[in-house]
Amino acid sequence: MITITNYIIGISLALLTLLSCDTSKSLQSYIVEKQEDNRFLKIDLATSLLGKIDSLPQDQKQVLASIKKINVVAYPKKQGTQQDYDTQTARLSLIFGQEKYQELVNFKTKAQKISLMYLGSENTIDEVIVYASDNQTGLAVFRLLGKDMKPSDVIK
């Protein structure tokens with residue numbers, strides 16, 4: 001026989017579980033979701049595949065060593081409709097509108113938008129994101145994943 005106390009505890013645990021889940025979409029989940037969508041161009045590159053590039057100066061080798069993976073997802077408009085494009089830009093706007101994404105540079109025209117963002121602190125960056133959209137050609141997201149990347153080094 002279920003008592004009222006057990007019923008209240010059960011509902012409280014269920015509510016706590018639902019409220020503790022992060023319902024915000026992440027860029028990671030967006031990229032994973034698009035891996036199976038043939039309308040998108042996808043590139044995933046682990047920087048370890050680049051091998052040792054001996055011709056680079058030492059400071060550039062250090063920057064490359066701090067970058068662990070590069071993801072690129074692009075949606076060429078010729079692959080879909082204006083409605084698809086609008087849906088994708090709206091979804092990405094919601095993702096990048098989250099407080100955790102810090103914008104460094106933003107360039108806008110009537111038809112184009114380019115944003116450079118990062119995740120992490122001002123001294124050590126964990127992700128660098130470039131988001132570009134163009135009403136005529138489509139959109140692209142470039143994501144550099146790393147560990148303790150230095151902002152000044154990445155810009156170089």
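For the structure itself, consult the block above.
A brief look at the structure comes next. (Residues numbered from 1 in each chain as written. Predicted model: local features only at pLDDT ≥ 70, side-chain atom pairs only at ≥ 80, totals over all residues. Heavy atoms only, no water.)

1. A word on the pairing of strand E3 (residues 102-108)
Residues in a regular strand point their side chains to alternate faces of the sheet.
1) Next: Sheet topology note: the E3/strand E4 (residues 112-120) ladder contains 6 bridges and is antiparallel. Of the residues in E4, the one forming a bridge with Gln 102 is Tyr 118. (Pairing = 2+ DSSP bridges. Helix = DSSP H or I, 4+ residues; strand = E, 2+ residues; numbered from the N terminus.)

2. Details of the pairing of strand E6 (residues 138-149)
1) Next: Judged from the 9 bridges that link them, strand E2 (residues 67-76) and E6 form a sheet pairing that is antiparallel. When the bridges of E6 are listed, Lys 69 appears paired with Leu 145.
2) Next: Two elements, strand E5 (residues 125-134) and E6, share 9 bridges in a ladder whose sense is antiparallel. In the strand pairing of E6, Val 128 is matched with Leu 144.
3) Next: Joining the antiparallel neighbours E5 and E6 is a turn of 3 residues.

3. Things to note about the sheet that holds E3
1) Next: Taken together, 6 strands build an open sheet; the order of strands is E1-E2-E6-E5-E4-E3 and the sheet is antiparallel. If you trace the sheet from one side to the other, it starts and ends with strand E1 (41-46) and E3, each paired once. Mean inter-strand twist for the sheet, computed between neighbouring axes without regard to direction, equals 10 degrees.
2) Next: Relative to E2, E1 is paired through 6 bridges, and the arrangement is antiparallel. When the sheet's bridge partners are listed, Asp 44 is paired in E2 with Asn 71.
3) Next: Here helix H2 (residues 27-34) sits on the sheet and contacts E1, E2, E5 and E6; the angle it forms with E6, its principal contact strand, is near 125 degrees.
4) Next: Set on the sheet, helix H3 (residues 58-66) makes contact with E2 and E6; between it and E2 the angle comes to about 70 degrees. (Axes fitted to C-alpha atoms, helices over the stretch in contact; angles between N-to-C directions. Contact = heavy atoms within 4.5 Å.)

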